[in-house]
Amino acid sequence: MGSILIGGAVFVCLVGAALLGMFLRERIPSHHLDSDSKDVIRLATAIVGTLSALALGLLIASAKNDYDTTDAELRSSVAQVLLLDRVMAQYGTETAMARARLRDLIEARLRHGWGDANPDEPVVDPYDVSQTIEPIQAELRALVPKDDARRMIQTRALEVSGNLAEAHWMAVETDAEGLPTAFLVILVFWLAWLFGTFGLQAPANPTVVGVILVCSLSVATAVFLVVDMAHPYIGVIHVSDAPLRSALTHIGNQ
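Residues numbered from 1 in each chain as written. Predicted model: local features only at pLDDT ≥ 70, side-chain atom pairs only at ≥ 80, totals over all residues. Heavy atoms only, no water.

Going by the annotation in an unreviewed UniProt entry, the name recorded for the protein is DUF4239 domain-containing protein, with Rhizobium mongolense given as the source organism.

This is the structure in structure tokens:
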């Protein structure tokens, strides 16, 4: 489910809970909403409100940290790609095919990682080693250095490509991670309870309804931010592909 859709669902749930509270306010016995009852409701609401605020605040901070970490890792990988290209260029013309393959790999990453792929183009399996740095590593291992200088360059290229391979598999294994569904359901339940008690204690007038709508939208937006930033490569808020596009203009050039 997309982050926008989840945010919209949360907004509907919160508004619906508040309207349900207003509906019940007019139909439950008046002594259920006397001063003593309202004190208990406010106390329970304060406890749930504190839990919700802490959970939502921690989730936003965690999502922002994951986003920043992913952005830094992307820039580090791009730097490694440029370094690998330059190291292979230093080796000589024997690495021309490997450098061309590296360029194709970056182009494929841009197409599939940022939604530039043709709709008719088959989806790339992240576990397909032919779409990773490993074929380039195989070509590097197949090189036969003619002197110590080239042997050192080959070793360096294999080291850098190994770092890129490790980063790739780490990204593949963490790509499916995100906000756990059970946690999201519990958080929305807490928030719906809060808005339901708001409606239970508030008169149904345009001002109250307007305030509840704005508050519901604000909270739903916060949930949207958490869900969207949990997947940094897709969604409305995603890491920029500018470093890769910039690198693409230099890869393969002498």
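Engineer: Give me the lowdown on the pattern of salt bridges, citing residues and values where you can.
Structural biologist: All chains considered together, the criterion is met by 11 salt bridges. The shortest N-O distance in the salt bridge between Arg75 and Asp71 comes to 3.2 Å. Pair noted here: Arg75 and Asp71 are both in helix 2 (residues 35-91), with a separation of 4 residues, about one helical turn. Judged by its relative accessible area of 46%, Arg75 falls in the partly exposed class. With a relative accessible area of 18%, Asp71 lands in the buried category. One salt bridge in this structure joins Arg151 and Asp148, with 2.6 Å as the shortest N-O distance. Pair noted here: Arg151 and Asp148 are both in helix 5 (residues 148-174), with a separation of 3 residues, about one helical turn. Residue classification places Asp148 among the exposed residues on the basis of a relative accessible area of 56%. A single network of salt bridges, built from pairs that share partners, joins Asp85, Arg86 and Arg99. (Salt bridge = Lys/Arg side-chain N within 4 Å of Asp/Glu carboxyl O. Helix = DSSP H or I, 4+ residues; strand = E, 2+ residues; numbered from the N terminus. Buried < 20%, exposed > 50% of the residue type's maximum accessible area, 1.4 Å probe, protein only.)

Engineer: Run through the UniProt feature "transmembrane region" (unreviewed entry) in the protein, naming residues and quoting values.
Structural biologist: UniProt's feature table lists "transmembrane region" (unreviewed entry) at residues 6-24, 40-61, 179-200 and 207-227, given in the numbering used throughout. Across residues 6-24, helical content stands at 100% and strand content at 0%; the span's end C-alpha atoms are separated by 27 Å. Helix makes up 100% of residues 40-61 and strand 0%, whereas the separation of the span's terminal C-alpha atoms amounts to 32 Å. (UniProt positions renumbered as here; feature names shortened; annotations may be inferred.)

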